[in-house]
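Residue-level listing of the chains:
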Amino acid sequence: MRRVVVTGMGIICPLGAGLEAVWERLLASRSGIGAVTAFDSRGLPSRVAGQVPDGALAGALAGALAGPDPSGPGGDGLAPQAEANRVGHFAMAAAREAMADAGWHSNGPEAEAAGICIGSGCGRLKALHEHARHHGGECAEPAALPFSQAAMIHELACELARRFDLRGPRRAVSTACSSGAHAIGDAARMIALGDAAVMLAGGAEAAICELGMAGFAAARALSSSFNDRPAAASRPWDRGRDGFVMAEGAAMLLLEEYDHARRRGARIHAELAGYGMSGDAHHPTAPAEGHAGAYRAMAHALRRGGLTPAEVQYVNAHGTSTPLGDDLEIEAVERLFGDAAAGLAMSSTKSATGHMLGAAGAAEAIFSILALRDGAAPPTLNLDEPSRRTVIDRVARTAQRRPIRAVLSNSFGFGGTNASLLFRAA
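> I'd like a rundown of the side chain of Thr-390, residues and numbers included.
Relative to the elements of secondary structure, Thr-390 occurs in the loop between β12 (376-377) and β13 (400-401). In this structure the side chain of Thr-390 is engaged in a polar contact, spanning 2.6 Å, whose partner is the side chain of Glu-334. In contact with Thr-390, not counting residues within four places along its chain, are Ile-330 and Glu-334.

Following this line, the structure appears as C-alpha cells:
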C-alpha cells in the first residue's frame, strides 16, 4: 500500500477564514458561536449557531469567481449569489486555500491522476427549501434543472473538479456528521491503492436555515438552554450540556502519494497513517451501548497505521455536547487505551466552532494536524463541571503545550456511522 501524506489545508468556519487565523483563535479559547442572524429564529427553541463571520466568505473568495460566466463553457459552475450556493462557496474558499498551501495545481497529464472526494450532510439545503417555497410542485423548465442540481451533493464535487481541472476519481460522500472524515479516508484509500496520486478531500456544510434548525430541533438534538449566552451553549462533557450547536463552513485537505510529494519538494504537514470505519446498526440517533462502534473505528485506524494506543498523545473527540454521546465516547476511548489513557489529552473543538455537521470531520482533521505540528492540544471550552470522571485530560478551557507525535480524529454520525483518522509526523 502506498503512503499518503497531507500537503495542503484550508478552512472557513465560525472562527473565521484562513488556516493560521482560525488556529490562533482556537488556541486562544475564542468562541465562534453567537445568536442566529441568518433568519428570524424567534419561533425555534434553539436560537444560537456557529455562523461564518460577516465578511469572511467574501474575503476568502476574493477573485475566486472572476473569469468566465459560471453557466457557460469553462465556467466554474458556481452561482454568483452567495446565498444561492453558500455551501459551494464555502467549499471553494477552503479548496483554494488548500491548493495554495500545497503549492500544487493540476497541469496536463497530472490532471488525470488527480481527483476529489467531498462530504456533506445536507448539501444546498437552503436552496432546496427556497425553491420548494417559491415553485411548489412545479417541474417545468426553468425551475426543474436548478432544483435537480441543488439536490445532488455530488454537484459540489463537480464544481471543484471543473474549477481545478481534476479529472481523476470523483466521489461525494454523505454519511451524516462523519461525511467529511469519510471523504478524507476514502480519498486516502484511492491514493494508497493507486487510483490517484493527488486527491482534494474534505467537507462542506451550510444548513443554518429555518428548515435545517427546525429539523434538528424537532429531533431534540440542539441546545436550547443558552439562548441568552450563546458562547456557553456548546459544552462537551459538562454536566449542563443539553444538545449540540449547529454550525457551518468547510475544510479541505490536499492528499498526495508520499513519493509524489517528495519528488516535487512539497512541504508535508503529516502522514495519514490509518483510517477506521464502523457501523452501529442500532438506533437512528443514539450510539450503541459503550459506543462499541467508536471503539471499533479507532481500533481499525490504529491497526491500519501500525500504532499502539500508547503511541497516540492526542484525540480530537467527536464531542458534540449531547447528553448521551459525550460520555459514551470517553468510555470507548478508556476501553481502547487502557493504562495509556492516563497520559492522553482529548478535547472537543466543537466547543468553540459548534457542530459543522458534514464538514466537522474535515475541520477537526485539520485541527488535529495543527496540534501535531505545533505540539499544542486545543481546549474544550465551557467544561466547568464534568458529568463523568476520567483519567483522560480533557484540556478544559485553556490550550496545553505538550509533545504530540500521533493523533486520532473521531467523527460519528446519526444512524451509527463512525470514522476515525490517524495522523502522525511524516
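> Residue-level account of the pairing of strand β8 (residues 249-257), with values.
Of all nine residues in β8, nine are buried; the element is thus mostly enclosed. As paired elements, strand β1 (residues 4-13) and β8 share eight bridges and run antiparallel to each other. The partner of Val-4 across the bridge, within β8, is Glu-257. Pairing geometry for strand β7 (residues 198-205) and β8, over eight bridges, is antiparallel. Along β8, the bridge assignment pairs Met-199 with Leu-255.

> Account for unusual backbone geometry, naming residues and giving values.
Here the phi dihedral of Trp-237 falls at roughly 70 degrees; this positive angle occurs in a residue that is not glycine. Within the fold, Trp-237 resides in the loop between α8 (210-218) and β8. Backbone geometry at Asn-382 places phi at a positive 65 degrees, although glycine is not the residue there. Mapped onto the elements of the fold, Asn-382 is located in the loop between β12 and β13.

> Describe the environment of Gly-203, and please don't skip the residues or the numbers.
Note on placement: Gly-203 falls in strand β7. Among the residues examined, Gly-203 registers a relative accessible area of 0% and is labelled buried. In contact with Gly-203, other than residues within four places in its own chain, are Ile-118, Gly-119, Gly-180, Gly-249, Ala-250, Ala-251, Met-252, Gly-358, Ala-359 and Ala-362.

> Which residues make up the pattern of salt bridges, and what values go with them?
Pairs can form between side chains of opposite charge once their charged atoms are near each other. Scanning the entire structure with this criterion turns up 20 salt bridges. With its nearest N and O atoms 2.7 Å apart, the salt bridge here joins Asp-40 to Arg-42. Residue Arg-42 is classed as exposed on the basis of its relative accessible area of 69%. For Asp-238, the salt bridge identified is with Arg-235, shortest N-O distance 3.0 Å. Exposure remark for Asp-238: the relative accessible area of 3% places this residue in the buried category. Residue class for Arg-235 comes out buried when judged on its relative accessible area of 6%. Each of Arg-235, Asp-238, Asp-384 and Arg-397 takes part in a single network of salt bridges with overlapping partners.

> Which residues make up the packing of helix α7 (residues 179-192) against helix α13 (residues 360-374), and what values go with them?
Running from N to C, α7 and α13 cross one another at 65 degrees; their axes reach a closest spacing of 5 Å. If you check the angle between α7 and α13, you find them roughly perpendicular. Contacts between α7 and α13 involve Gly-180, Ala-181 and Ile-184 from the first element and Gly-361, Ala-362 and Ala-365 from the second. Of the residues belonging to the contact of α7 with α13, the class tally is four nonpolar, two polar and no charged.

> Any chance you could break down α13 for me, citing the residues and the numbers?
Counted at 1.5 Å a residue, the expected span for α13 with its 15 residues is 21 Å, and the 21 Å between its end C-alpha atoms agrees. Along α13, 13 of the 15 residues are buried, which leaves the element largely enclosed by surrounding structure. Of the residues flanking the end of α13, it is Gly-375, one or two places downstream, whose phi is positive at about 60 degrees.

> If you had to explain the side chain of Asp-242 to someone new, which residues and values would you point to?
Secondary-structure assignment places Asp-242 in the loop between α8 and β8. Here Asp-242 occupies a buried position and makes no salt bridge, while the nearest side chain of opposite charge, Arg-235, is found at 7.3 Å. A polar atom in the side chain of Asp-242 sits 3.0 Å from the backbone nitrogen of Ser-224. Separated by 2.7 Å, the side chains of Asp-242 and Ser-225 make a polar contact.

> Please provide a residue-by-residue account of the packing of aromatic side chains, values included.
As enumerated under the stated definition, the model contains two aromatic pairs in all. Judged by centre distance (6.5 Å) and plane angle (20 degrees), the ring pair of Trp-23 and Phe-367 falls under stacked. Of the two residues, Trp-23 sits in helix α1 (residues 19-27) while Phe-367 sits in helix α13, which places them 344 residues apart along the sequence. By the burial criterion, Trp-23 is buried, and Phe-367 matches it. Relative to Phe-244, the ring of Phe-216 has its centre 5.5 Å away and its plane inclined at 75 degrees; by these criteria the two rings are edge-to-face. One end of the pair, Phe-216, is in helix α8; the other, Phe-244, is in the loop between α8 and β8, with 28 residues separating them in the sequence. The pair Phe-216 / Phe-244 is uniform in exposure class, with both members buried.

> Which residues make up the pairing of β1, and what are the values?
Counting buried residues in β1 gives 10 out of 10 residues, a clear majority hidden from the surface. For β1 and strand β9 (residues 270-279), the ladder comprises two bridges, and the chain directions are antiparallel. What sits directly across from Val-5, in β9, is Glu-271. Strand direction decides the pairing type here: β1 and strand β2 (residues 16-17), joined by two bridges, are antiparallel. Looking at β2, one finds that Cys-13 is bridged to Gly-16. Hairpin connection between β1 and β2: a loop of two residues separates the two successive antiparallel strands.

What counts, and where the lines are drawn
Residues numbered from 1 in each chain as written. Predicted model: local features only at pLDDT ≥ 70, side-chain atom pairs only at ≥ 80, totals over all residues. Heavy atoms only, no water. Helix = DSSP H or I, 4+ residues; strand = E, 2+ residues; numbered from the N terminus. Polar contact = N/O pair within 3.5 Å; in protein donor to acceptor, adjacent residues only side chain to side chain. Contact = heavy atoms within 4.5 Å. Buried < 20%, exposed > 50% of the residue type's maximum accessible area, 1.4 Å probe, protein only. Pairing = 2+ DSSP bridges. Salt bridge = Lys/Arg side-chain N within 4 Å of Asp/Glu carboxyl O. Axes fitted to C-alpha atoms, helices over the stretch in contact; angles between N-to-C directions. Parallel < 35°, antiparallel > 145°, perpendicular 65-115°, else oblique. Nonpolar A, V, L, I, M, F, W, Y, C, P; charged D, E, K, R; others polar. Expected span 1.5 Å × (residues − 1). Lys, Arg positive; Asp, Glu negative; His and termini not counted. Phe/Tyr/Trp six-rings, centres within 6.5 Å; stacked < 30°, edge-to-face > 60°.

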